[in-house]
Amino acid sequence: MTGFPGVRPRRLRRTAALRRLVEETRLAPAEMVLPLFVREGLTEPREVASLPGVLQHSRDSLRKAAAEAVRAGVGGLMLFGVPEHRDETGTGGTDPDGVLNAALRDVVAEVGDATVVMGDLCLDEFTSHGHCGVLAADGTVDNDATLARYAEMGLAQAAAGAHVLGLSGMMDGQVGAVRQALDQAGYPDVAVLAYAAKYASACYGPFRDAVESTLVGDRKSYQQDPPNLREALREVALDVAEGADLVMVKPALPYLDVIAAVRAAVTVPVAAYQVSGEYAMVEAAAANGWLDRDRVMLETLTSIRRAGAQVILTYWAVAAAHLLNRSA
Ligand code: PBG
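Cut-off values and rules
- Residues numbered from 1 in each chain as written.
- Predicted model: local features only at pLDDT ≥ 70, side-chain atom pairs only at ≥ 80, totals over all residues.
- Heavy atoms only, no water.
- Helix = DSSP H or I, 4+ residues; strand = E, 2+ residues; numbered from the N terminus.
- Buried < 20%, exposed > 50% of the residue type's maximum accessible area, 1.4 Å probe, protein only.
- Polar contact = N/O pair within 3.5 Å; in protein donor to acceptor, adjacent residues only side chain to side chain.
- Contact = heavy atoms within 4.5 Å.
- Near = heavy atom within 4 Å.
- Areas by Shrake-Rupley, 256 points an atom, 1.4 Å probe, with all protein chains shown as cover.
- Nonpolar A, V, L, I, M, F, W, Y, C, P; charged D, E, K, R; others polar.
- Patch = residues over 30% accessible without salt bridge, like charges linked within 9 Å, V, L, I, M, F, W, Y side chains within 5 Å.
- Salt bridge = Lys/Arg side-chain N within 4 Å of Asp/Glu carboxyl O.
- Lys, Arg positive; Asp, Glu negative; His and termini not counted.
- Charge placed at Lys NZ, Arg CZ, Asp CG, Glu CD.
- Axes fitted to C-alpha atoms, helices over the stretch in contact; angles between N-to-C directions.
- Parallel < 35°, antiparallel > 145°, perpendicular 65-115°, else oblique.
- Left-handed = near helix turned anticlockwise from the far one by under 90°.
- Expected span 1.5 Å × (residues − 1).

Colleague: Please explain the side chain of His129 as it appears in this structure.
Modeller: By secondary structure assignment, the location of His129 is in the loop between strand E5 (116-121) and helix H4 (143-159). With relative accessibility at 14%, the residue His129 sits in the buried group. Only 3.0 Å separates the side chain of His129 from the backbone oxygen of Glu88, close enough to count as a polar contact. Those residues in contact with His129 that lie beyond four places of it in its chain are Glu88, Leu135, Thr214, Leu215 and Val216.

Following this line, the structure appears as structure tokens:
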């Protein structure tokens, strides 16, 4: 009993039907985006050891995975390319026949407009040093020289048919530079998803295995410092001013406060990236029998949604879609 006679919040929790009726946050496959890796030179897909259930795809298996995601009702696909060879300036990212651009063409040919096809627009998979940009003579990441490379990469992905470009490099001015290049080259309809608030997180470890990252050191000179929230709002405001169509917070679960603050600050759609480490932690615990994977999966996704993200990038996109489609 509360101190108020007759007031009993538990009344609305009594049955599944009552709980369903008053549910404030509901997940749907349509708002989930599946990250996919395509590895140059593979003939068979290969599982990523630190991401159980996630594959490095061959071009062929990628098409099949894309079609499967569409059948599950997944809202979008985010493609990452893993090239066989890397160089100083990451030419594999701008080469029209580079693994990512070729894969974007394949996937667009496979799924058309049935889901949203996105390309990761960043150089780290393509540079020999593994940084997200090109280096100056002193070894630091050269912001403005990188913008020119991002503009070229954006045009290559637009030419390959990508619907949305995911700018994940955290260079200053990247949204404006890519937007201007797209508009000038006749791609005004290609949208920009800005990784506006991307933190220098320790949760990207398994992703770096998935893309065979060559990075030595860290990305702290361009990704955000985890203690900072107001800085995220500044990044987001700049990206929106530069023309971002969607803004993203990354990682997701350790940054729910940032998601909520961004949601309150902007009117563009807010996305969040449930990153590789978030996925791996739960998968590892579940494999040990310590957590119920499916329940934790849906609980974390619901929390990210409740915090204010309306689009979620997650390696569980298809698995979650199957669970949701079954319970619907
Ligand atoms: C870099 C990029 C990273 C991720 C997506 N894009 C890693 C990084 O910044 O080192 C991480 C995603 C994940 O961990 O799932 N372009």
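Colleague: Could you clarify how one ought to interpret the site of the ligand in this entry?
Modeller: Neighbouring residues of the ligand: 17 residues in total, closest Arg208, Gln223, Lys250, Ser276 and Tyr315. In the model, a nitrogen atom of the ligand is placed 3.2 Å from a nitrogen or oxygen of the Lys250 side chain. The contact in question runs from an oxygen atom of the ligand to an N or O atom on the side chain of Tyr315, over 2.6 Å. Surface burial for the ligand is 100%, taken as the share of its 400 Å² of free accessible area covered by protein chains. Across the shell around the ligand, the residue classes break down as eight nonpolar, three polar and six charged.

Colleague: What is the right way to read a positive patch on the surface from this model?
Modeller: Residues Arg8, Arg10, Arg11 and Arg13 make up a contiguous surface patch of positive charge. Inspection of the secondary structure assignment puts Arg13 in the segment before helix H1 (16-21).

Colleague: Is there a simple way to think about the packing of helix H7 (residues 230-241) against helix H8 (residues 256-265) in this case?
Modeller: Packing of H7 against H8 brings their axes to within 10 Å, and their N-to-C directions diverge by 40°. Classified by the angle their axes make, H7 and H8 are oblique. For H7 against H8, the interelement crossing comes out right-handed. Together, Ala232, Leu233 and Val236 of H7 and Val258, Ala261, Val262 and Ala265 of H8 make up the contact between the two elements. A class-by-class count of the residues in the contact of H7 with H8 yields seven nonpolar, no polar and no charged.

Colleague: Help me understand helix H9 (residues 276-287), please; the structure alone is not making it clear to me.
Modeller: Two residues of an α-helix separated by three or four positions point the same way, owing to the 3.6 residues in each turn. When the terminal C-alpha atoms of H9 are compared, their 16 Å separation across twelve residues agrees well with the 16 Å that a helix rising 1.5 Å per residue should span. The buried count for H9 comes to nine of twelve residues, which makes it a mostly enclosed element. Buried residues in H9 make contact with strand E3 (51-57), helix H6 (205-210), strand E9 (270-274) and helix H10 (293-307). Of the residues one or two after H9, Gly289 is the one with positive phi, at around 80°.

Fair warning: the whole summary comes from geometry, so function is off the table for now.
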